[in-house]
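The lines below spell out each chain.
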Amino acid sequence: MLALLTAAVMVTALTAFLLGPAVVARLRARRRRRVEASPHAFDPGRERRAEQRARQLLRSCVNDFEWAMYRDLGFIRVEGRRLPDAPGGDEGPAPYAYLIYPHKPIVAYVPESGRLLSEYCVSFPDLTGGRTRLPASDDVLAKWMALTSDEARVIGRANMHLVGRQHDPGHVRRDIWRLSEWERLGAADLGARAA
Amino acid sequence: MKPGHGEVLLAEGDRDVREDEQLLIEEFRRQLDEGMWAAVPTERPGSGRREAQMVRDYGEIPPEAQRVIFFPRASGG
């Protein structure tokens, strides 16, 4: 009995030794084929290239000031709609504004006081049923286009919450302060260049 | 704009050439049928302020527009 068991163990070990590399190679090839066949396989190179293209597209659509804001601060401010009888007309101060962040809710606030109003959760889902999402800069551009063209429609579709659900209010307040400092320094810089 | 890919060129052509325009119209309708939104980046004359104009019909595209950008319609996140 012992001899039979020993023989069985030896046969198993010999078989694994001889066929092992072939089996491993077949498993690896199968896994490679499965990854290549998957349309949503993660490819960091593709995502990086998509983001680079998205940044170029965003830059070509927004003005230099907004592009510099996004490049330096990571978000874009879009001014809210002015009332027809607002002082200063279309060029007067905006009663409210939005901060557009990539893949985060849009934040509405009062520029004059810095008071946070609400956050609007909006997404641009993959209509083909996939689970992929837009590159970060495309997400910002989509929000920018939606807000500047049809503010009521995009806000109407968004889920509204008080600031704090997805955004840290302290972080947003810091961003508003950073924006004001950035504008002050930018204005000083422009003044120095003009002088 | 295509999730997972970013910018993808769908069609290009000269609107003054009949065959090109037919191709552009078909692609425009196909994108809207798939549920995409279409927008044209514009610049407000004099102010330098840029904004987008949403277009729901091929005829709404401003004659001077160089491109139309399609992006997935917004939904509550």
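Our structure's up above, just so we're on the same page.
Residues numbered from 1 in each chain as written. Chains lettered and ligands numbered in written order. Predicted model: local features only at pLDDT ≥ 70, side-chain atom pairs only at ≥ 80, totals over all residues.

Asker: Where do I start with the overall build of chain B in this structure?
Answerer: Along chain B, the regular secondary structure elements total one helix and four strands. Shown N-terminal to C-terminal, the secondary structure of chain B runs as helices and strands in the order α-β-β-β-β. Overall, chain B is about 40 × 35 × 20 Å in size when its C-alpha atoms are taken along their principal axes. Across chain B, the fraction of contacts at a sequence separation of at least 24, relative to all contacts at a separation of at least 6, is 34%. (Helix = DSSP H or I, 4+ residues; strand = E, 2+ residues; numbered from the N terminus. Contact = placed C-beta atoms within 7 Å.)

Asker: What should I look at first to understand the pairing of strand 4 (residues 116-123) of chain A in this one?
Answerer: Sheet analysis places strand 3 (residues 106-109) of chain A next to strand 4 of chain A, joined by four bridges and oriented antiparallel. Bridge assignment links A108 of chain A to a residue of strand 4 of chain A, and that residue is S118 of chain A. Between strand 3 of chain A and strand 4 of chain A, which pair antiparallel and follow one another directly, the connecting turn spans six residues, one of which, G114 of chain A, has a positive phi of 80°. Bridge analysis of strand 4 of chain A against strand 5 (residues 159-161) of chain A gives three bridges, and the strand direction is antiparallel. Paired with C121 of chain A across the strands is N159 of chain A, a residue of strand 5 of chain A. Across two bridges, strand 4 of chain A lies against strand 4 (residues 75-76) of chain B in antiparallel orientation. Its bridge partner lying in strand 4 of chain B, S123 of chain A is registered against S75 of chain B. (Pairing = 2+ DSSP bridges.)

Asker: Whenever I open this one, the nonpolar core confuses me. Can you help?
Answerer: Most often, soluble globular proteins have nonpolar side chains that are buried together. Counting 48 residues, the largest nonpolar core has I76, L99, I100, W144 and M145 of chain A as its most contacted members. Residue contributions to this core peak at nine residues, all from helix 4 (residues 136-157) of chain A. What M145 of chain A contacts, discounting residues up to four positions off in sequence, is A39, A52, I69 and F71 of chain B. (Core = buried A, V, L, I, M, F, W, Y, C linked by C-beta atoms within 7 Å. Buried ≥ 20, exposed ≤ 12 C-beta atoms within 10 Å, placed from the backbone.)

Asker: Which parts of the structure should I look at to understand unusual backbone geometry?
Answerer: What is expected of a backbone is that most residues other than glycine have negative phi and most peptide bonds are trans. All names here are of chain A. Not every positive phi belongs to a glycine, and H103 is a case in point at roughly 55°. Relative to the helices and strands, H103 resides in the loop between strand 2 (97-100) and strand 3. Residue class for H103 comes out partly exposed when judged on the 14 C-beta atoms lying within 10 Å of it.

Asker: Before we go on, may I ask you to explain the interface of chain A and chain B in this structure?
Answerer: You'll often see interface size given as the accessible area lost when the parts meet. With 33 residues of chain A at the contact, the number on the chain B side is 24 residues. For the side of chain A that touches chain B, the secondary structure elements donating two or more residues are helix 2 (44-61), strand 4 and helix 4 of chain A. Counting residues per element, the side of chain A that touches chain B draws most heavily on helix 4 of chain A, which supplies nine residues. In terms of residue class, the side of chain A that touches chain B is built from 18 nonpolar, eight polar and seven charged. (Nonpolar A, V, L, I, M, F, W, Y, C, P; charged D, E, K, R; others polar.)

Asker: How should I be thinking about the sheet that holds strand 2 (residues 50-55) of chain B in this particular structure?
Answerer: In a beta sheet, neighbouring strands are held together by backbone hydrogen bonds and run either parallel or antiparallel to one another. Read across the open sheet, the three strands follow the order 2-1-3 (chain B); overall the sheet is antiparallel. Strands with a single pairing partner mark the edges of an open sheet, and in this sheet they are strand 2 and strand 3 (69-72) of chain B. Neighbour-to-neighbour, the strand axes of this sheet turn through a mean angle of 40°, independent of strand direction. Of the strands in this sheet, strand 1 (36-43), strand 2 and strand 3 of chain B touch helix 4 of chain A, which is tilted by about 80° from strand 2 of chain B. Along the sheet, helix 1 (residues 18-33) of chain B contacts strand 1 and strand 3 of chain B; its crossing angle with strand 1 of chain B, the most-contacted strand, is approximately 120°. (Axes fitted to C-alpha atoms, helices over the stretch in contact; angles between N-to-C directions.)

Asker: Hey, could you run me through helix 2 of chain A in this one?
Answerer: Given 3.6 residues to a turn, an α-helix orients residues that are three or four positions apart in the same direction. Residue and element names in this part refer to chain A. Taking 1.5 Å as the rise per residue, helix 2 with 18 residues should run 26 Å; its terminal C-alpha atoms sit 26 Å apart, in good agreement. Residues A50, A54, R55, L57, L58 and C61 constitute the buried set of helix 2. Taken down its axis, helix 2 places every buried residue within 165° of arc, on the same side. Facing away from the buried surface of helix 2 by more than 90 degrees, the exposed residues are G45 and R48. (Expected span 1.5 Å × (residues − 1). Arc of directions from axis to C-beta.)

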